[in-house]
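# Structure assessment
Each chain, written out:
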Amino acid sequence: MEEKKVCIVGAGVSGLAACKYLAQKGFHPVLFESDRVVGGVWARTLPSTRLQSSPLDYQYSDFPWPENLTKIFPDHKQVVEYLESYARRFDLLKYVRFGEKVVSLDYVGAGEDEMEAWDMWAGNGEAFGGSRRGTWHVTVRKEEDGSCQVHIMDFVILCVGRYSGLLNIPSFPANKGPEAFNGEVIHVMDYCKMGSSAADHFLKGKRVTVVGFRKFALDVAAECANVNGAEYPCTMIIRGKHWNIPKFVAWGIPLHYFCLNRFSELFFDRPGGGLLLSILATLLSPLVWLFTKFTESYFKNILPIKKYGMVPEHSFFQAMFSCLVCVLPENFYKKVEEGSIVLKHSKSFEFCKNGIIVEGDTSPIKTDLMIFATGFKSDQKIKDLFVSPHFQKIVIGSLDFTIPLYRECIHPRIPQLAIIGYSEHASNIYLSEMRARWLAHFIDGGFLLPSINDMEKSVKEWDEYMKRYLGKFFRRSCITSLHLWYNDQLCKDMGCNPKRKKGFLAEWFTSYKPTDYANLEEEQKSML
């Protein structure tokens, strides 16, 4: 029987996991990576960037961190070393084609009208589509010389992430943008590429303004403060306030006891949960209010967010379950107090010759260097990969609807393709590994997908759930609130027991960690 050709795009956290589990199933995947190293966004980030979660949460289930690890939040170099060790441990580097960038994907075989008439994904619900299958023509450019080559693949897995690729730069009216400014304007990713010593030299003696108030913005502002102090303060233009906290602990209690265990998931009327669970969620809803007030009171007490007008409009509950909570750099508000960082809240601003004018001010903020920490056009990055205008239109869906992927991996109407690592969780490595396992089991013929209509119904139910609980702060790419319920669905599809703890109390009141899922493959083998 002819071996099916599977390719993976991206050698970050998700791509490495997908490669490992496919290889364990006997496949020989081709992993295209545009960079020269593994690690994805971790390989090109700010010098001061650290994990925002415990290493016990941010690890692969069967590959623990080194025993000599002492830092509570490992830095980006340690994360890259961990990922490189994982790749070496499972002999994954032999599958990686470094310096080769996937620039387009073209599905050749069934036409658009034929695919629209299918009741089952790819024609029959199988990974490779049976007799109706087409192939993906994957155009890859070698970064070394710019030459392109087309590879014909039976299945494509996109692991391109959300935090790289197309830069998101705000637009401005004519003569009000960077062209009116005498200083230098860069995106934070340009800064990330410099390296630690070069970055310090680049910032030294400059009046820097940073746009943004999430992780990249916080880290680069802290680095500016460390280099220049109060003599050349770094100004942060903050268009949206967020719950940025020192660590995930309130009043001495780790927050995962409140929101990352089975009991906390009873607070929500989950998709397809039935009447009894709906009633229970209603009865327990006051606990959500208590959790919110408990955590907010703590962070308002220890952080001067009231003093600086930085109390968010949304609740901590909404932030937590929209993946909008960030860990502050060390002594961040101390730097604000000493004047090394200046916080400026403004919905809009414009450039002038000598700096930035924010809404409501008449005099400019004098600036030598503007750094946009305004994220990435991650939706557009994925759309642009597809040759088909139809696939470009449907792959990510509309901005007012959740990501239209069944099990957060499979688009019901795009055959022989999966996306891993696009939706988020408090620990993305944990979630990506679970998806990689599920996908490898499916590609290996472990189960069939439901009908296209049933998959689309599942996606719609998830969308309705998210909007019901998060309202206008709904963020279409985060599944933190019901991540255990989500993992349960993956386990059931793979024929594994979703309940992994020993004992009733542990099962319901302690948080799940990657190591709880370490033996899934052994369970699958025992059931064959």
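Just so it is clear, the model here is predicted, and its values are computed rather than measured.

## Describing the overall build of the chain
The helix and strand tally for the chain stands at 18 helices and 20 strands. By the compact-globule yardstick of 24 Å for 528 residues, the chain fits well, its C-alpha radius of gyration being 24 Å. Its C-alpha atoms give the chain principal-axis dimensions of roughly 70 × 60 × 50 Å. Residue burial in the chain is summarised as follows: out of 528 residues, 54% are buried. Of all intrachain contacts in the chain linking residues separated by at least 6 positions in sequence, the fraction that spans at least 24 positions is 74%. Summed over its atoms, the accessible surface of the chain is roughly 22,900 Å², and 53% of this surface lies on carbon and sulfur atoms. With 63 positive and 60 negative side-chain charges, the chain shows a spacing of 5 Å between the two charge centroids.

## As for the sheet that holds strand β5 (residues 135-142)
The 3 strands lie next to each other as β4-β5-β6, forming an open sheet whose pairing is antiparallel. Taken across any chain shown, the strands that pair with only one partner, and hence form the sheet edges, are β4 (100-108) and β6 (148-153). Taken pair by pair, the neighbouring strands of this sheet meet at an average axis angle of 25°, ignoring direction. Direction of pairing for β4 relative to β5: antiparallel, over a ladder of 8 bridges.

## Side note on the nonpolar core
Grouped together as the largest cluster of nonpolar side chains are 157 residues, with contacts concentrated most on Phe 155 and Phe 386. Of all the elements, helix α14 (residues 428-443) adds the most residues to this core, at 10 residues. Ignoring sequence-local partners within four residues, the contact set of Phe 155 consists of Lys 5, Val 6, Cys 7, Trp 121, Ala 127, Phe 128, Gln 416, Leu 417, Ala 418, Leu 439, Phe 442 and Ile 443. One finds Phe 181, Val 211, Ile 237 and Phe 372 within the second-largest nonpolar core, a separate group that totals 11 residues.

## Some thoughts on the packing of aromatic side chains
Applying the stated criterion across every chain, the model contains 43 aromatic pairs. With a centroid separation of 6.1 Å and 15° between ring planes, the pair formed by Tyr 60 and Tyr 82 is classed as stacked. In this pair, Tyr 60 sits in the loop between β2 (30-33) and α2 (76-89) while Tyr 82 sits in helix α2, placing the two residues 22 residues apart along the sequence. For the pair Tyr 60 and Tyr 82, one class covers both residues: buried. Residues Phe 63 and Tyr 86 carry aromatic rings whose centres are separated by 5.7 Å and whose planes lie at 70° to one another, so their mutual orientation is edge-to-face. Taken as a pair, Phe 63 in the loop between β2 and α2 and Tyr 86 in helix α2 lie far apart in primary sequence, 23 residues in all. The same class applies to Phe 63 as to Tyr 86, namely buried. Through successive ring pairs, a cluster of aromatic residues spans Phe 263, Phe 267, Phe 268, Phe 317, Trp 462, Tyr 465, Trp 485 and Phe 509. Geometry around Phe 90 places Lys 20 over its ring, the cationic atom sitting 4.5 Å from the centre. A cation sits over an aromatic face here: Lys 206 above Phe 202, 3.9 Å from the ring centre.

## Quick look at the pattern of salt bridges
In total, this model carries 16 salt bridges according to the counting rule given. Two residues, Asp 91 and Lys 94, come together in a salt bridge whose shortest N-O distance is 3.2 Å. A residue is classified by how much of its surface remains accessible, and Asp 91, at 42% relative accessible area, is partly exposed. The exposure class of Lys 94 is exposed, given its relative accessible area of 57%.

## Section: the pairing of strand β1 (residues 6-9)
Burial along β1 is two-sided: Val 6 and Ile 8 facing one way and Cys 7 and Val 9 facing the other are all buried. The pairing of β1 with strand β7 (residues 155-158) spans 4 bridges and is parallel. Counterpart to Val 6 in the pairing with β7 is Phe 155. Summarising the sheet, β1 and β2 pair through 3 bridges and their orientation is parallel.

## Remarks on the packing of helix α1 (residues 13-24) against α14
Interaxial distance between α1 and α14 falls to 8 Å at its minimum, and their mutual angle equals 35°. Crossing of α1 against α14: the hand is right-handed. Seen from α1, the contacting residues are Val 13, Ser 14, Ala 17, Ala 18, Tyr 21 and Leu 22; seen from α14, they are Ile 429, Ser 432, Glu 433, Ala 436, Arg 437, Ala 440 and Ile 443.

## A look at the side chain of Gln 59
Along the chain, Gln 59 turns up in the loop between β2 and α2. A distance of 3.4 Å separates the side chain of Gln 59 from the backbone nitrogen of Trp 65, its partner in a polar contact. Once residues within four sequence positions are removed from consideration, Gln 59 is found in contact with Pro 64, Trp 65, Tyr 82, Ile 429, Glu 433, Pro 514 and Thr 515.

## Quick notes on the sheet that holds strand β15 (residues 341-345)
One open sheet holds the 5 strands; their spatial order is β8-β19-β9-β10-β15, and the pairing between them is parallel. The open sheet has two edge strands with one neighbour each: β8 (184-187) and β15. When the angles between neighbouring strand axes are averaged without regard to direction, this sheet yields 20°. Packed on one face of the sheet, helix α5 (residues 196-203) meets β8, β9 (208-211) and β19 (369-372) and runs near 130° to β19. With respect to the sheet, helix α6 (residues 215-228) is in contact with β9, β10 (234-238), β15 and β19, its orientation differing from that of β10 by roughly 160°.

## A short note on α14
Taking 1.5 Å per residue, 16 residues should reach 22 Å; α14 reaches 22 Å between its end C-alpha atoms and fits that length. The element α14 is extensively covered by neighbouring structure, given that 15 of its 16 residues are classed as buried. Looking one or two places after α14, you find Gly 445, whose phi comes out positive at around 85°.

## Some thoughts on the state of the cysteines
Throughout the structure, instances matching the rule amount to 0 disulfides. Its sulfur unpaired, Cys 159 is 9.3 Å from the next cysteine sulfur, which belongs to Cys 409. As a non-bridged cysteine, Cys 496 has Cys 491 as the owner of its nearest cysteine sulfur, 5.9 Å distant. By relative accessible area, Cys 496 is classed as buried at 5%.

About the criteria used
Residues numbered from 1 in each chain as written. Predicted model: local features only at pLDDT ≥ 70, side-chain atom pairs only at ≥ 80, totals over all residues. Heavy atoms only, no water. Helix = DSSP H or I, 4+ residues; strand = E, 2+ residues; numbered from the N terminus. Rg over C-alpha atoms; globule rule 2.2 N^0.38 Å. Buried < 20%, exposed > 50% of the residue type's maximum accessible area, 1.4 Å probe, protein only. Contact = heavy atoms within 4.5 Å. Areas by Shrake-Rupley, 256 points an atom, 1.4 Å probe, with all protein chains shown as cover. Lys, Arg positive; Asp, Glu negative; His and termini not counted. Charge placed at Lys NZ, Arg CZ, Asp CG, Glu CD. Pairing = 2+ DSSP bridges. Axes fitted to C-alpha atoms, helices over the stretch in contact; angles between N-to-C directions. Core = buried A, V, L, I, M, F, W, Y, C linked by side-chain atoms within 4.5 Å. Phe/Tyr/Trp six-rings, centres within 6.5 Å; stacked < 30°, edge-to-face > 60°. Lys NZ or Arg CZ within 6 Å of the ring centre and 35° of its normal. Salt bridge = Lys/Arg side-chain N within 4 Å of Asp/Glu carboxyl O. Left-handed = near helix turned anticlockwise from the far one by under 90°. Polar contact = N/O pair within 3.5 Å; in protein donor to acceptor, adjacent residues only side chain to side chain. Expected span 1.5 Å × (residues − 1). Disulfide = S-S within 2.5 Å.

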